[in-house]
Amino acid sequence: MLAFIGFVMIFVMMILLFKEKTVPAVLFVLLPVVAALLAGFSIKEIAEFINKGVATTWKTAVLFIFSVTYFGTMSDAGMFDKIVKPLVNFAGSNVTAVFIITAIISVVAHLDGSGATTFLIVIPAMLPIFKRLGLRIQSLMLVCCACAGIMNLVPWGGSTLRAATVIQMDPTDLWKMMIPTQIIGLILAFGLTIIIARLEEKRLQRIANLSDNFVNVVNEGNESTEAPEIVELKRPDLFWFNFLLTAAVITVLVIVKEVPSFVVFMVGLAIALLVNYKTAKEQHDRIKAHAPSAMQMAITLLSAGVLLGVMTHSGMIDSIAGSFIAILPGSFLRYLHIIVAALTVPIHTVVATDPYYYALLPIVIEVVGAYGVSPKAAAIAMLIGENMSWSVSAVVPSVYLGIGLAGLSYKEHLAFSFKWMWGLSLILILVAMFLGLIII
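How each quantity is defined
Residues numbered from 1 in each chain as written. Predicted model: local features only at pLDDT ≥ 70, side-chain atom pairs only at ≥ 80, totals over all residues. Heavy atoms only, no water. Axes fitted to C-alpha atoms, helices over the stretch in contact; angles between N-to-C directions. Helix = DSSP H or I, 4+ residues; strand = E, 2+ residues; numbered from the N terminus. Parallel < 35°, antiparallel > 145°, perpendicular 65-115°, else oblique. Contact = heavy atoms within 4.5 Å. Nonpolar A, V, L, I, M, F, W, Y, C, P; charged D, E, K, R; others polar. Salt bridge = Lys/Arg side-chain N within 4 Å of Asp/Glu carboxyl O. Buried < 20%, exposed > 50% of the residue type's maximum accessible area, 1.4 Å probe, protein only. Expected span 1.5 Å × (residues − 1). Bend = angle between axes of the 7 residues up to and from the residue. Phe/Tyr/Trp six-rings, centres within 6.5 Å; stacked < 30°, edge-to-face > 60°. Lys NZ or Arg CZ within 6 Å of the ring centre and 35° of its normal. Left-handed = near helix turned anticlockwise from the far one by under 90°.

1. A look at the packing of helix α7 (residues 115–133) against helix α21 (residues 397–406)
Point 1. At a closest axis distance of 9 Å, the pairing of α7 and α21 adopts a crossing angle of 10°. Looking at the two axes, α7 sits roughly parallel to α21. Mapping the contact onto sequence places Gly115, Ala116, Phe119, Leu120, Ile123 and Leu127 in α7 and Ser398, Val399, Leu401, Gly402, Leu405 and Ala406 in α21.
Point 2. In the contact of α7 with α21, the residues fall into nine nonpolar, three polar and no charged.

2. Some remarks on the pattern of salt bridges
Point 1. All told, the structure shown has five salt bridges when counted by the stated rule.
Point 2. Between Asp285 and Lys281 there is a salt bridge, and its shortest N-O distance comes to 3.0 Å. On the criterion of helical spacing, the pair formed by Asp285 and Lys281 is a turn pair, its members being four residues apart in helix α15 (residues 280–313).
Point 3. For Lys281, a relative accessible area of 61% corresponds to the exposed category.
Point 4. Taken together, the shared-partner salt bridges in this structure form one network comprising Arg136, Glu200 and Arg203.

3. Some details on α7
Point 1. Taking 1.5 Å of rise per residue, the 19 residues of α7 would be expected to cover 27 Å, and the 26 Å separating its terminal C-alpha atoms lies within 8% of that figure.
Point 2. The axis of α7 is deflected most strongly, by about 35°, at Leu127, and proline Pro128 appears within four residues downstream.
Point 3. Most of α7 is tucked away, with 17 of its 19 residues classed as buried.
Point 4. Taken from the residues just after α7, Gly134 is the one with a positive phi, measuring 75°.

4. Comments concerning the packing of aromatic side chains
Point 1. Overall, the coordinates contain 14 aromatic pairs when judged by the stated rule.
Point 2. Look at Phe239 and Trp240: their rings are 5.1 Å apart centre to centre, the planes differ by 70°, and that puts the pair in the edge-to-face class.
Point 3. Here the aromatic residues Phe28, Tyr400 and Tyr410 are joined through ring pairs into a cluster of three or more.
Point 4. Against the face of Phe416 rests Lys419, its NZ or CZ located 5.9 Å from the ring centre.

5. Re the packing of helix α4 (residues 58–76) against helix α14 (residues 261–276)
Point 1. It is the contact of α4 with α14, at a shortest axis distance of 8 Å, that shows an interaxial angle of 25°. Classified by the angle their axes make, α4 and α14 are roughly parallel. The hand of the α4/α14 crossing is left-handed. Across the interface between the two elements, Trp58, Lys59, Val62, Leu63, Phe66, Ser67, Thr69, Tyr70, Phe71, Thr73 and Met74 from α4 touch Ser261, Phe262, Phe265, Met266, Gly268, Leu269, Ala272, Leu273 and Asn276 from α14.
Point 2. Its residues assigned to classes, the contact of α4 with α14 shows 13 nonpolar, six polar and one charged.

This is the structure in structure tokens:
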């Protein structure tokens, strides 16, 4: 019964999300609560589920509030203008060059294995360029997600750590086995980047009759039509201070693991406001200007904690996983790790990362173990699948950070990126099978 309720809840949620009948926050709160009540849980139990779930997302919500306000303040002060212009001039009208720059920044940004850090570095830096060139923002998210998914195989990444923990293996040793797959994956990610760039270029040529001086025309138009009140916010004389402050924030974010990310942005924002805008009114106006987008996504993230808490701690995820395995024909069970890995992109859309590794992976290991498949092979298969799917998941908090920074809805991101990420996932699984990492 619990699995059935969970399936119905997920189905209803996805239908309503795609039809945009209401905002995600409403669904993330009401549907899990109703599902838990129908499953027979008491109000006290449901409250405890929610408390545990929100405890996993509140830090990301606070991070989003302060990071969005920080980068918004830097944009108001004109810091990105001087960064964007050289990049655009370097790329010229070559859309492919812009996408390759995006991919390179994404790979470097994800060296720390954090999706939140990657989005915070890549999206604010490249978003103005994509807007000025008329490129779809969904394509920016796709390239960023594809590169981050491949890089997330590093041993300090959350996914590899979880998989290694389950099979009681050193994460570095597990990663070393996957280095050839990761290298091929990066080649594929850059290949995908070029494909998307070519598609975008053709789209621009169709709708805008792209010419050699298209970039210059767009830039000149932006500069000449800026409203006086926007120009007044610019602080060109403080560019180097703002640039060095941002570099320091990102450096601390990546290197100093002892300091929570949201604390870094709290301090950074306080300094940025104090130096760039001298009066209390100016500082208040900057906070007020960015409050709507910051709070809207923070509410969504906190609401996602309700969904995560109820699904995980009620046992709903475990029941769904068990039911999924039970319906497979016996002849398919020996290939369960490959089947689950191949279906991970749609599965992970509604199944959070922790349940995926700590609930579903052990079940898969136990089933395929009877057919001589090692826990290591099963873990690698599911690890590859998950790394290409977390960035399109409705239950991964950092995804909302990314789409919030990009100004997209979850529906827009999923509709554009889903097929590409799933295709990349399937190819990587085949690569790992060819290399002998995934045993049939």
